[in-house]
Amino acid sequence: MTTTVRTRVAIVGAGPAGLLLSHLLDRAGIDSVVIDQRSRDEIESTIRAGILEQGTVELLDDLGPHSRARTVGHRHDGIELRFEGEGHRIDFAETVGRAVWLYPQHEVLKDLVAARLAAGQDLRFGVTAEAIADAETDRPRVLARDAEGRPLQIEADFVVGSDGSRSVARAAVTGSSQGGYFREYPFAWFGILCEAPPSADELIYSNSPDGFALVSQRSDTVQRMYFQCDPDTDTAAFTEEQLWDELQKRVPGTTLKQGPIFQRDVLRFRSFVAHELRRGRVALAGDAAHTVPPTGAKGMNLAIADVRLLAEALRRSLLEGDERALDAYPEAASRRIWKAQHFSWWMTSLLHVTPDATDFDRRRQVGELRSVVESAHGRAALAEAYTGWPFPS
Ligand code: DHB
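Source: prediction; values computed, not measured. (Residues numbered from 1 in each chain as written. Predicted model: local features only at pLDDT ≥ 70, side-chain atom pairs only at ≥ 80, totals over all residues. Heavy atoms only, no water.)

**Some points on the site of the ligand**
Inference 1: Close to the ligand lie 13 residues, the nearest being Y205, S216, R218, Y226 and P294.
Inference 2: Between Y205 and the ligand, the recorded distance is 2.6 Å, taken from a side-chain N or O atom to an oxygen atom.
Inference 3: Relative to its free-state accessible area of 290 Å², the ligand is covered by the protein chains to the extent of 99%.
Inference 4: Residues that form the shell around the ligand fall into these classes: nine nonpolar, three polar and one charged. (Near = heavy atom within 4 Å. Polar contact = N/O pair within 3.5 Å; in protein donor to acceptor, adjacent residues only side chain to side chain. Areas by Shrake-Rupley, 256 points an atom, 1.4 Å probe, with all protein chains shown as cover. Nonpolar A, V, L, I, M, F, W, Y, C, P; charged D, E, K, R; others polar.)

This is how it looks when you write it as structure tokens:
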């Protein structure tokens, strides 16, 4: 026996994109059902990136006191680019008059889940989408299984696939689960969380002959750091002392404050954009539509930017019968997606050392870094992208 649920918008995936979309739709008076195959605890505890663009924080302000980005998070007015043993500050306030907030993604998710549950959202954890049917009709359906394995279908006016990089919804839009523009990189990040005081007030993006490192923070007592590694690295292959050696040699000229390491992970690098973002009454948003390498922390910000467009397009379509914004969604979203793709790729290539780098490549890279930090225009271009390009009105 299949249970059928009826709603206006079925949202597959309770990540930042899906949850924020359900909030914005609710604000417009449009009901939705959100499903996710993960448990609430899993969603709220998965460690991801930590930087929110100013526009992301402003949109999250709409959650009212549920958003703790400004109270628990920290505003950062700049970053340091470090190379050849010297730090160079990119001052966001001075160059573009904007800022970013250090506030980890799982905290954003806790805020969103709390806000949605408080608003009475139909939000179902442990429900696995298996396929999207009838995308090209006016009654698309999500075919799923609930936590007990029983079949469940959600009938809607529109379906949004915000179900992450291994999206099930993608196949209904692109015709295959892969279908996209794709690029891999010959390196990954080794990430750690440690108990130590901050080594710096702001993030340090460091290039060195041994590769890249990023010194980030989480709180006064917990720090997040990454160093460039081989994609096949086994997290257990290093002792704590070796990890500190690897990190320290990639940030020459500054001394890291060390402490016990309690979390290790390897983040793979890939760039991906789905060939299509919409088919009929199904659209993709967030990682289901695109993946960026982590350098520059664009992933969640880009997901939120998709949703900003999609929520308004759905409001006009479902409440006013005006399809133009929905028709324009793929093109409008793509513009920002490809700018973010370029920025993430560029920050990656600017700072990392490829395994086959020659002396020429090394010197050229330092030349490129200098042409950024020694130019007011170079610093401003980086700051504008990092803090998030303004949204067209
Ligand atoms: C973090 C991750 C990033 O990819 C980045 O560019 C900056 C910060 C982080 O996890 O803190």
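After presenting the structure, the write-up continues.
**Side note on the environment of R38**
Inference 1: Note that R38 resides in the loop between strand 3 (32-36) and helix 2 (40-45).
Inference 2: When the C-alpha positions of R38 and A14 are compared, they lie 8.6 Å apart, and in sequence the two are 24 residues distant. (Helix = DSSP H or I, 4+ residues; strand = E, 2+ residues; numbered from the N terminus.)

**Observations concerning the packing of helix 9 (residues 324-351) against helix 11 (residues 376-387)**
Inference 1: Close contact between helix 9 and helix 11 brings their axes to 11 Å; oriented N to C, the two are set at 125 degrees. As judged from the angle between their axes, helix 9 and helix 11 are oblique. In the packing of helix 9 onto helix 11, the handedness of the crossing is left-handed. Side by side, helix 9 and helix 11 meet where F343, W346 and M347 of the first sit next to L382, A385 and Y386 of the second.
Inference 2: Class assignment for the residues of the contact of helix 9 with helix 11 results in six nonpolar, no polar and no charged. (Axes fitted to C-alpha atoms, helices over the stretch in contact; angles between N-to-C directions. Parallel < 35°, antiparallel > 145°, perpendicular 65-115°, else oblique. Left-handed = near helix turned anticlockwise from the far one by under 90°. Contact = heavy atoms within 4.5 Å.)

**Describing helix 11**
Inference 1: In this model helix 11 runs 16 Å from its N-terminal to its C-terminal C-alpha over 12 residues, within 8% of the 16 Å that 1.5 Å per residue would give.
Inference 2: Every buried residue of helix 11 is listed here: G378, L382, A383, A385, Y386 and T387.
Inference 3: If you check the start of helix 11, you find a side-chain oxygen 3.1 Å away from the backbone N of H377, and it comes from S375.
Inference 4: Remark: G388 follows helix 11 within two positions and exhibits a positive phi of approximately 105 degrees. (Expected span 1.5 Å × (residues − 1). Buried < 20%, exposed > 50% of the residue type's maximum accessible area, 1.4 Å probe, protein only.)

**A few points about the pairing of strand 14 (residues 180-195)**
Inference 1: Across 12 bridges, the pairing between strand 14 and strand 18 (residues 261-274) is antiparallel. By the bridge assignment for strand 18, A188 is matched with R268.
Inference 2: Relative to strand 17 (residues 222-229), strand 14 is paired through eight bridges, and the arrangement is antiparallel. Among the inter-strand pairings, W189 is bridged to a residue of strand 17, identified as Q228. (Pairing = 2+ DSSP bridges.)

**Overview of the sheet that holds strand 8 (residues 100-102)**
Inference 1: Taken together, the three strands give an open sheet; going across it, the order is 4-8-5, and neighbouring strands pair in antiparallel fashion. The open sheet has two free edges, formed respectively by strand 4 (51-53) and strand 5 (74-76), since each of these has just one partner strand. On average, adjacent strands in this sheet sit at an angle of 35 degrees to one another, irrespective of strand direction.
Inference 2: Bridging between strand 5 and strand 8 involves three bridges; their strand directions are antiparallel. Counterpart to H74 in the pairing with strand 8 is L102.
Inference 3: Strands in contact with helix 11 are strand 4 and strand 8; relative to strand 4, the strand with the most contacts, it is inclined by about 100 degrees.

**Comments concerning the packing of aromatic side chains**
Given two aromatic rings, their pairing is described by the distance between the two centres and the angle made by the two planes.
Inference 1: Across all of its chains, the model carries 15 aromatic pairs by this definition.
Inference 2: Between Y185 and F269, the ring centres sit 6.0 Å apart and the planes meet at 70 degrees, which makes this aromatic pair edge-to-face. Here Y185, found in strand 14, pairs with F269, found in strand 18; they are 84 residues apart in sequence, far enough to count as distant. Taken individually, Y185 and F269 each receive the classification buried, so the pair is uniform in this respect. (Phe/Tyr/Trp six-rings, centres within 6.5 Å; stacked < 30°, edge-to-face > 60°.)

**Some remarks on the domain arrangement of the chain**
One frequently used descriptor of interface size is the decrease in accessible area upon assembly of the parts.
Inference 1: Along its sequence, the chain is organised into domain 1 (3-76 + 98-182 + 271-348) and domain 2 (185-265 + 354-387).
Inference 2: One C-alpha centre belongs to domain 1, the other to domain 2, and the line joining them spans 29 Å.
Inference 3: Each partner contributes to the interface: domain 1 provides 24 residues, whereas domain 2 provides 20 residues.
Inference 4: Summed over both sides, the interface of domain 1 with domain 2 buries roughly 1,800 Å², with 67% coming from carbon and sulfur.
Inference 5: Three residues, I47, H76 and W346, lead the burial of domain 1 against domain 2; their summed loss comes to 26% of the area buried on that side.
Inference 6: Summed over the shared surface of domain 1 and domain 2, the number is zero salt bridges.
Inference 7: For the interface between domain 1 and domain 2, the tally reads six residue pairs in polar contact (both at pLDDT 80 or more).
Inference 8: Sorting the residues of the side of domain 1 that touches domain 2 by element identifies strand 4, strand 8 and helix 9 as the ones contributing at least two each.
Inference 9: Sort the elements by how many residues they give to the side of domain 1 that touches domain 2 and helix 9 lands first, with five residues. (Domains from an automatic or database assignment. Buried area = accessible area lost by both parts, 1.4 Å probe. Salt bridge = Lys/Arg side-chain N within 4 Å of Asp/Glu carboxyl O.)

**Section: the sheet that holds strand 12 (residues 151-155)**
Inference 1: A sheet is described by the order of its strands in space; here four strands give the open sequence 1-12-11-10, paired in mixed fashion. Strand pairing shows two members of the sheet lacking a second neighbour, strand 1 (3-6) and strand 10 (128-133), which therefore form its edges. Sheet twist, expressed as the mean angle between neighbouring strand axes with direction ignored, is 25 degrees.
Inference 2: Bridging between strand 11 (residues 141-145) and strand 12 involves five bridges; their strand directions are antiparallel.

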